[in-house]
Amino acid sequence: MHALSRAAGVDVVVVACPPGSSARVTSLLAPVAGRCEVHVVEGAPDRQGSVRAALDRVPGDVDVVLVHDAARCLTPPAVFADVVRAVRAGARAVVPALPVTDTIKQVRGGVVVGTPDRRELWAVQTPQGFDAALLRAVHADPPAGLAVTDDAGMVEAAGHEVLVVPGSEHAFKITRPIDLLLAEAVLAGHAPERAEEAP
Ligand SMILES: C[C@](O)(CO)[C@H](O)COP(=O)(O)O
């Protein structure tokens, strides 16, 4: 939240929190509430529902929306600024991403059934940025039968182009215990990767 509230171009933040935790989350956000407009809403059991609940709380006059994972809490402010800039420059959907370094296999029933060309595989991060009207439209009429793991996937399934901008190694998702160790090491020893911030 500190990085987000310091990012150029971010004026309003809506946090989707677990049901029953809004009072606690609101108090945790008090230190950043002075820097931008902050709202807290209760999320849903799935990602799509939580994003929709947050989107419903975004003021109607906002024209660019970023969807960000709290688990990517070390994302440098410059990544937010880059994504906003790309949307403002005309892209209607933008994702930060890095090329994968592992070889990725497609596996079915414990057996490899394919090896996609690694040169075409990118690991997608957040914040994902959208023209607000487009994001509202795909959430109002989500593509059927899609295993939704990100908002850009919904936009892509609806037939729209999604632009890729450079992501950041610091934007990793803190999900597994080893990610927490990495986050602690980053916080203990490293300056932010890129220092661009709002004036
Ligand atoms: C949006 C995302 O971070 C892109 O990599 C990812 O899909 C989120 O997955 P999660 O299972 O909702 O953490």
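These numbers come from a predicted model, not from an experiment.

Rules behind the numbers
Residues numbered from 1 in each chain as written. Predicted model: local features only at pLDDT ≥ 70, side-chain atom pairs only at ≥ 80, totals over all residues. Heavy atoms only, no water. Helix = DSSP H or I, 4+ residues; strand = E, 2+ residues; numbered from the N terminus. Buried < 20%, exposed > 50% of the residue type's maximum accessible area, 1.4 Å probe, protein only. Polar contact = N/O pair within 3.5 Å; in protein donor to acceptor, adjacent residues only side chain to side chain. Contact = heavy atoms within 4.5 Å.

Focus on the side chain of Q128
Phase 1 of the analysis: Tracing the backbone through its elements, the reader meets Q128 in strand β8 (residues 128-131).
Phase 2 of the analysis: Since its relative accessible area comes to 2%, Q128 is described here as buried.
Phase 3 of the analysis: Of note is the side chain of Q128, whose polar atom sits 2.9 Å from the side chain of D150.
Phase 4 of the analysis: In contact with Q128, not counting residues within four places along its chain, are V65, L66, V67, V83, V94, V95, P96, D150, D151 and A152.

Here's the deal with unusual backbone geometry
With the exception of glycine, the majority of residues adopt a negative phi angle, and the majority of peptide bonds are in the trans configuration.
Phase 1 of the analysis: Look at the link from T126 to P127: it is a cis peptide, with omega at 10 degrees.
Phase 2 of the analysis: For P127, the location among the structural elements is in the loop between β7 (122-124) and β8.

Focus: the side chain of H139
Phase 1 of the analysis: With respect to the helices and strands, the residue H139 is situated in helix α6 (residues 132-140).
Phase 2 of the analysis: A polar contact is formed between the side chain of H139 and the side chain of D151, at a distance of 2.7 Å.

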